[in-house]
Every structure is written in C-alpha cells, then in structure tokens.
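Listed below, chain by chain, are the residues.
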Amino acid sequence: MELTAVRTGSGIFRVHRAGCDDIAKDAAQARGSARDLDAESREAVIRLLWADVLGDGGAPGAFQSCAGRTDFIGCTWGLPATSQA
Ligand SMILES: [Zn+2]
C-alpha cells in the first residue's frame, strides 16, 4: 500500500493512505515533513520509519516503543499488522 507519514512536532508519525485529504492538514499542523512510503504491513511501516532507531532489530522493547509512537489513521484500513509469508 502506498502511504504517507507525517512526523509531528512531538515525534509521532501519523500514517495516512497516500492521497488522503487529511495529509495536508496534518502536515500544516505539525509543520513537519511528509514522507511517502510503500509497505505491505504496519510492521513494515514501523521498521521503515524508525529504521535509525531499530537498526538490525534494536534493543528489546524498541519495536513496541516505536509502534507506540506510530499512529495509523483510519484511512489505512486494510493494511495488515504483519506481512503475509
Ligand atoms: Zn488519512
């Protein structure tokens, strides 16, 4: 799924489906940058957005911590939690 993530001033990513009308609103409010990405699961999105923190797996609990700072907006419905093998 093609997605757009907006990083807010408080360091949280708000993830929208690409083209969502709310992206511009979020970006303006956050005065942050929007980043386009293509991922097949929430887990993949989190690993992409937080790659600098997670590295090759990260510290224990790091993934959950990053997941907690990643908001999947309603428009991303249908995006599975993890990639299907
Ligand atoms: Zn949206």
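Preceding block: the structure.
Summary of the structure given here. The structure displayed is predicted, hence computed values, not measured ones.

### Thoughts on the overall build of the protein chain
- Regarding its fold elements, the protein chain presents 4 helices and 4 strands.
- Reading the secondary structure of the protein chain in the N-to-C direction produces β-β-α-β-α-α-α-β.
- In terms of overall size, the protein chain behaves like a compact globule, its C-alpha atoms giving a radius of gyration of 12 Å where 85 residues would be expected to give roughly 12 Å.
- Taken along its principal axes, the extent of the C-alpha atoms in the protein chain is 35 × 30 × 15 Å.
- The buried share of the protein chain, taken over its 85 residues, is 16%.
- Within the protein chain, residue pairs in contact and separated by at least 24 positions form 56% of the contacts whose partners lie at least 6 positions apart.

### Overview of the nonpolar core
- Counting residues in hydrophobic clusters, the biggest one holds 10 residues: L3, A5, V6, F13, V15, I23, V45, I46, L49 and F72.
- In contact with F72, other than residues within four places in its own chain, are V15, R42 and L79.

### Notes on the pairing of strand β1 (residues 2-7)
- Direction of pairing for β1 relative to strand β3 (residues 34-38): antiparallel, over a ladder of 5 bridges. Note that in β3 the partner of A5 across the bridge is R35.
- The pairing of β1 with strand β2 (residues 13-17) spans 5 bridges and is classified as antiparallel. Note that in β2 the partner of R7 across the bridge is F13.

### A look at the environment of G61
- Here G61 is to be found in the loop between α3 (51-54) and α4 (62-67).
- Measuring from C-alpha to C-alpha, the distance between G61 and D22 comes to 31 Å, with 39 residues separating the pair along the chain.

### Description of the sheet that holds β1
- Within the open sheet, the 4 strands sit side by side as β3-β1-β2-β4. Their pairing is mixed. Single-partner strands in this sheet number two, and they are β3 and β4 (70-72). Averaged over neighbouring strand pairs, the angle between their axes works out to 30 degrees when direction is ignored.
- Together, β1, β2 and β3 form the strand contacts of helix α1 (residues 22-30), whose direction differs from that of β1 by roughly 20 degrees.

### Description of the environment of I23
- On the secondary structure map, I23 appears in helix α1.
- Classification of I23 as buried rests on a count of 22 C-beta atoms within 10 Å.
- Along the backbone, I23 and A34 are 11 residues apart, and their C-alpha atoms lie at a distance of 7.9 Å.
- Once you skip the residues sitting within four places of it in the chain, I23 turns out to touch T4, V6, H16 and A34.

Conventions used here
Residues numbered from 1 in each chain as written. Predicted model: local features only at pLDDT ≥ 70, side-chain atom pairs only at ≥ 80, totals over all residues. Helix = DSSP H or I, 4+ residues; strand = E, 2+ residues; numbered from the N terminus. Rg over C-alpha atoms; globule rule 2.2 N^0.38 Å. Buried ≥ 20, exposed ≤ 12 C-beta atoms within 10 Å, placed from the backbone. Contact = placed C-beta atoms within 7 Å. Core = buried A, V, L, I, M, F, W, Y, C linked by C-beta atoms within 7 Å. Pairing = 2+ DSSP bridges. Axes fitted to C-alpha atoms, helices over the stretch in contact; angles between N-to-C directions.

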